[in-house]
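Fold and contact review
Single-letter residue listing:
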Amino acid sequence: DDPRVRREERMSEFDHSAHVLLKRTLKECARAKRWFPSQPATLQAELALVGAARMQKLNREFRKKDSATDILSFPSPKPLRRLGHLGELVICTPVLKRQAREQGHPAETELAVLIVHGVLHLLGLDHETGPAAHRLQARWEARILKAIRVRAQAGLMARLPQAHASGIRRPL
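If you're wondering where the values come from, they're calculated on a predicted model, not measured in any experiment.

1. Section: helix α2 (residues 52–63)
For α2, spanning twelve residues, the distance from its first C-alpha to its last is 15 Å, which sits close to the expected 16 Å at 1.5 Å a residue. Among the residues of α2, those classed as buried are Met55, Leu58 and Asn59. Taken around the axis of α2, the buried residues stretch over an arc of 100 degrees, which confines them to a single face. Summarising the contacts, the buried residues of α2 are in contact with β2 (44–50), β3 (71–75) and β4 (85–92). One or two steps after α2, the chain reaches Lys64, where phi turns positive at roughly 60 degrees.

Next comes the structure, spelled out in structure tokens:
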């Protein structure tokens, strides 16, 4: 039942925080049954913390964008999703740290913002489908961050222009 956090590089400073934040986010999303009715009562996901080179390679391979991005989400196949395994999140710690500095909050806060954003993607929300989806994901990010008691100035969607709905992210 516990989410697994995998390190692909030496980044143990976030291991415990990532585990706790992912577990709290999944629990809160499972409680939101009314909004995600097709999801089981218990949700699981995996999380990998990677460096910039690995993230750039993944982003190039799966999104055809040759830069490191903050987070990628890889949904599980439908049979696994029906059992509650949502998929895997991959977070780039150098981008996470840079974004935390830019936002003026601790790296752990940015980690929470990215985990919430990624879990919502695994649940099927996709801000890249247009402005209405962007606004919906922004509202859910704010709601979940508040529920898990993370004091972020804004979720990822609230601080990005709606032009981001096209999938543009700043490279590392």
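Having seen it, we continue.
2. Points about the nonpolar core
One finds Leu22, Leu47, Ile91, Leu111, Ile115 and Val119 to be the most contacted residues of the largest nonpolar core, which totals 35 residues. Residue assignment for this core shows that the elements contributing at least two residues are α1 (15–31), β2, β4, α4 (93–103), α5 (107–122) and α6 (131–147). The element that contributes the greatest number of residues to this core is α5, accounting for ten residues. Not counting residues up to four positions away in its chain, the partners in contact with Ile91 are Leu47, Ala48, Leu49, Val50, Met55, Asp70, Ile71, Leu96, Leu111, Leu114 and Ile115.

3. Digging into unusual backbone geometry
Positive phi, close to 60 degrees, is recorded for Lys64, a residue that is not glycine. On the secondary structure map, Lys64 appears in the loop between α2 and β3.

4. With respect to the environment of Arg151
Looking at the secondary structure, you find Arg151 in the segment after α6. In this structure Arg151 comes out as exposed when scored by relative accessible area, which is 79%. In the structure, Arg151 is positioned 42 residues away from Thr109 in sequence and 7.2 Å away in space, judged by C-alpha atoms.

5. Here we look at the pairing of β2
Judged by how many residues are buried, β2 sits mostly within the fold: six of seven residues are covered. Strand direction decides the pairing type here: β2 and β4, joined by seven bridges, are parallel. Paired with Leu47 across the bridge in β4 is Leu89.

6. Remarks on the confidence of the model for the protein
Close inspection of predicted coordinates is inappropriate for parts of the model with low pLDDT. Mean pLDDT over the protein stands at 79; residues scoring 70 or higher make up 73%. The least confident element of the protein is strand β1 (residues 4–7), whose mean pLDDT is 49; the most confident is β3, at 95. When the criterion is pLDDT under 50, residues 7–11 qualifies, and its contacts beyond four places in sequence or with other chains add up to 14 contacts. Contacts from residues 163–172, a stretch scored under 50 in pLDDT, to residues over four places away or in other chains number 32 contacts.

7. Concerning the packing of α4 against α5
At a minimum axis separation of 8 Å, α4 and α5 run at an interaxial angle of 110 degrees. One finds that α4 runs roughly perpendicular with respect to α5. For α4 against α5, the interelement crossing comes out right-handed. Seen from α4, the contacting residues are Leu96, Gln99, Ala100 and Gln103; seen from α5, they are Ala107, Glu110, Leu111 and Leu114. The class makeup of the residues in the contact of α4 with α5 is five nonpolar, two polar and one charged.

8. Quick look at the packing of α1 against α5
Orientation of α1 relative to α5, taken along the N-to-C sense of each, is 40 degrees, at an axis distance of 10 Å. In terms of their interaxial angle, α1 and α5 are classed as oblique. Judged by the twist between their axes, the crossing of α1 over α5 is right-handed. Residues Ser17, Ala18, Leu21, Leu22, Thr25, Leu26 and Cys29 of α1 form the contact with α5, whose participating residues are Glu108, Leu111, Ala112, Ile115, Val116 and Val119.

Conventions adopted
Residues numbered from 1 in each chain as written. Predicted model: local features only at pLDDT ≥ 70, side-chain atom pairs only at ≥ 80, totals over all residues. Heavy atoms only, no water. Helix = DSSP H or I, 4+ residues; strand = E, 2+ residues; numbered from the N terminus. Expected span 1.5 Å × (residues − 1). Buried < 20%, exposed > 50% of the residue type's maximum accessible area, 1.4 Å probe, protein only. Arc of directions from axis to C-beta. Contact = heavy atoms within 4.5 Å. Core = buried A, V, L, I, M, F, W, Y, C linked by side-chain atoms within 4.5 Å. Pairing = 2+ DSSP bridges. pLDDT = per-residue confidence, 0-100. Axes fitted to C-alpha atoms, helices over the stretch in contact; angles between N-to-C directions. Parallel < 35°, antiparallel > 145°, perpendicular 65-115°, else oblique. Left-handed = near helix turned anticlockwise from the far one by under 90°. Nonpolar A, V, L, I, M, F, W, Y, C, P; charged D, E, K, R; others polar.

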